Amino acid sequence: MKNSITNTKIMKFSQKTILFALFSVLCILSLSAAERQTREEYVERYKAIAIAHMERYGIPASITMAQGILESDSGNSLLSKSSNNHFGIKCKKSWRGERVYHDDDAKGECFRAYPSVEASYEDHADFLDQSPRYDSLFVYAPDDYRSWARGLKAAGYATAPDYAVRLVKIIESMKLYLLDKENGGKIYAASKSAVANTEAWFESNTASPDEQINPNAFRVTVNAHKGYGVYRTNHTFYVVAKEGDSYKSIGKIFEISPRTLEKFNDVAKGTELHKGDIVYIERKKSHWLGNVMQHKAMRDETLYDLSQSYGIRHKSLARLNRLHTDSHIRKGEIIRLK
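Residues numbered from 1 in each chain as written. Predicted model: local features only at pLDDT ≥ 70, side-chain atom pairs only at ≥ 80, totals over all residues. Heavy atoms only, no water.

**Q** Quick one: what's the story with unusual backbone geometry, residue by residue and with numbers?
**A** The residue histidine 235 is not glycine, and still its phi comes out positive at about 65 degrees. Looking at the element boundaries, histidine 235 is found in the loop between β4 (228-233) and β5 (236-240). Judged by its relative accessible area of 55%, histidine 235 falls in the exposed class. One non-glycine residue, aspartate 266, adopts positive backbone phi at about 60 degrees. Here aspartate 266 lies in the loop between α11 (258-264) and β6 (278-280). (Helix = DSSP H or I, 4+ residues; strand = E, 2+ residues; numbered from the N terminus. Buried < 20%, exposed > 50% of the residue type's maximum accessible area, 1.4 Å probe, protein only.)

This is the structure:
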């Protein structure tokens, strides 16, 4: 009888313990959901630091904010909450500070831990400023966020193949590029107050899942020659035609015969150029060398447009897709790139 009474008490105690534990978990989850920080709140909290670092280091404030939003999920990620690490910076051999271990590209990777979020921001600026691998970024202007985004990806800051695209989409959807201007803090604040309905504005300015990214929207100037910016797509150099340009005039500047330029760009002899046309100054590749395997065609795109956008030879792209060079492609059609 005594054992029966004791077992009953233990069962009641266990039930109370389990109920209390469940209640505690629910409270924590509820509190966590209620305390989740929005992107807008995150920017308001840390934009002054980003602007100060732009003025001191030359890093675009928009880039700092976009990386903070992306890497820390606006300060809501487990890593950022446990370590104040808002930029996903790993320990590396030189790190002498506190550490935490977190699953990322591999299990249990070592990440830097900071006493405050402000310290994380400071280390992020130092990390970019002091690391030789990022030296090439500082040739870009502090308001050239697109070049910075693509440059960060090219330098190996993140492994995600669409890292640059994601940064740019955050910057443009939230108008963070306003922070890069003189008196950017005030300009950004004024723009926010002018938006009557933030949610409606955000919906209208966020890319849909089907929206395609033009590779040339993220051009990075790798050099300049006689007034022309020299860009690179698919490991191939090109320039953008100005008003009145021809293959002859561009060929003269870069010491390439007009007919060779026409061959590089897969056009017939005597083809005219228009302002904004891409002109490759070396032979394009036979396939896309990036991570993306295919392209979903948009309205009015042609196979030639894609061959120029991705730096792939027109005939090679046609062969990859078992098409003729003049084949019509429909909106939504999948075009292989490699």
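**Q** Got a sec to walk through the side chain of serine 80? Specific residues and values, please.
**A** On the secondary structure map, serine 80 appears in helix α4 (residues 78-83). Within polar-contact distance, the side chain of serine 80 engages the backbone oxygen of glycine 75 at 3.4 Å. Those residues in contact with serine 80 that sit more than four places away from it in its chain are Ser72, Gly75, Asn85 and His86. (Polar contact = N/O pair within 3.5 Å; in protein donor to acceptor, adjacent residues only side chain to side chain. Contact = heavy atoms within 4.5 Å.)

**Q** So, the pattern of salt bridges: which residues are in play, and what are the values?
**A** Overall, the coordinates contain nine salt bridges when judged by the stated rule. Among the salt bridges present, the one from glutamate 109 reaches lysine 90, with a minimum N-O distance of 3.0 Å. Taken together, the residues glutamate 109 in strand β2 (residues 109-112) and lysine 90 in the loop between α4 and β1 (99-102) connect sequence positions 19 residues apart. The buried category is assigned to glutamate 109, whose relative accessible area is 17%. Arginine 259 is paired through a salt bridge with glutamate 262; the nearest N and O atoms lie 3.0 Å apart. Remark: glutamate 262 and arginine 259 occur in helix α11; sequence separation between them is three residues, near one turn of the helix. Since its relative accessible area comes to 33%, arginine 259 is described here as partly exposed. Here glutamate 262 falls in the buried class, since its relative accessible area comes to 6%. (Salt bridge = Lys/Arg side-chain N within 4 Å of Asp/Glu carboxyl O.)

**Q** Which residues make up the packing of helix α2 (residues 39-57) against helix α5 (residues 117-130), and what values go with them?
**A** The geometry of α2 relative to α5 is characterised by a closest axis approach of 11 Å and an angle of 35 degrees between their N-to-C directions. The two elements α2 and α5 cross, and the hand of that crossing is right-handed. Between α2 and α5, the contacting residues are Tyr42, Tyr46, Ile49, His53, Arg56 and Tyr57 on the first element and Val117, Glu118, Tyr121, Glu122, Ala125, Asp126 and Asp129 on the second. A per-class count over the contact of α2 with α5 returns seven nonpolar, one polar and five charged. (Axes fitted to C-alpha atoms, helices over the stretch in contact; angles between N-to-C directions. Left-handed = near helix turned anticlockwise from the far one by under 90°. Nonpolar A, V, L, I, M, F, W, Y, C, P; charged D, E, K, R; others polar.)

**Q** So what's going on with the packing of aromatic side chains? Residues and values would help.
**A** Scanning the model with the defined rule gives 14 aromatic pairs in all. Ring geometry for phenylalanine 87 versus tyrosine 121: centroids 4.8 Å apart, planes at 80 degrees, classification edge-to-face. Residue phenylalanine 87 is found in the loop between α4 and β1, and its partner tyrosine 121 is found in helix α5; the two are separated by 34 residues along the sequence. Accessibility expressed as a relative area gives 0% for phenylalanine 87, which makes it buried. Take tyrosine 121: its relative accessible area is 0%, and that puts it in the buried class. A centroid spacing of 5.1 Å and a plane angle of 85 degrees characterise the contact between phenylalanine 138 and tryptophan 148, whose relative ring orientation is edge-to-face. Taken as a pair, phenylalanine 138 in the loop between α5 and α6 (145-154) and tryptophan 148 in helix α6 lie far apart in primary sequence, ten residues in all. (Phe/Tyr/Trp six-rings, centres within 6.5 Å; stacked < 30°, edge-to-face > 60°.)

**Q** Residue-level account of the nonpolar core, with values.
**A** Side chains that are nonpolar tend, in soluble globular proteins, to be buried together. Core analysis: the biggest nonpolar cluster contains 46 residues, and Met65, Tyr157 and Leu176 have the highest contact counts within it. Looking at this core, the elements that each hand over two or more residues are α2, α3 (61-72), α5, α6 and α7 (163-173). The element that contributes the greatest number of residues to this core is α2, accounting for eight residues. Apart from residues no more than four positions distant in its own chain, leucine 176 is found in contact with Val43, Ser62, Met65, Ala66, Ile69, Ile170, Ile171 and Tyr188. The next biggest cluster of nonpolar side chains, apart from the first, holds 14 residues, and it includes Val239, Ile250, Leu273 and Ile281. (Core = buried A, V, L, I, M, F, W, Y, C linked by side-chain atoms within 4.5 Å.)

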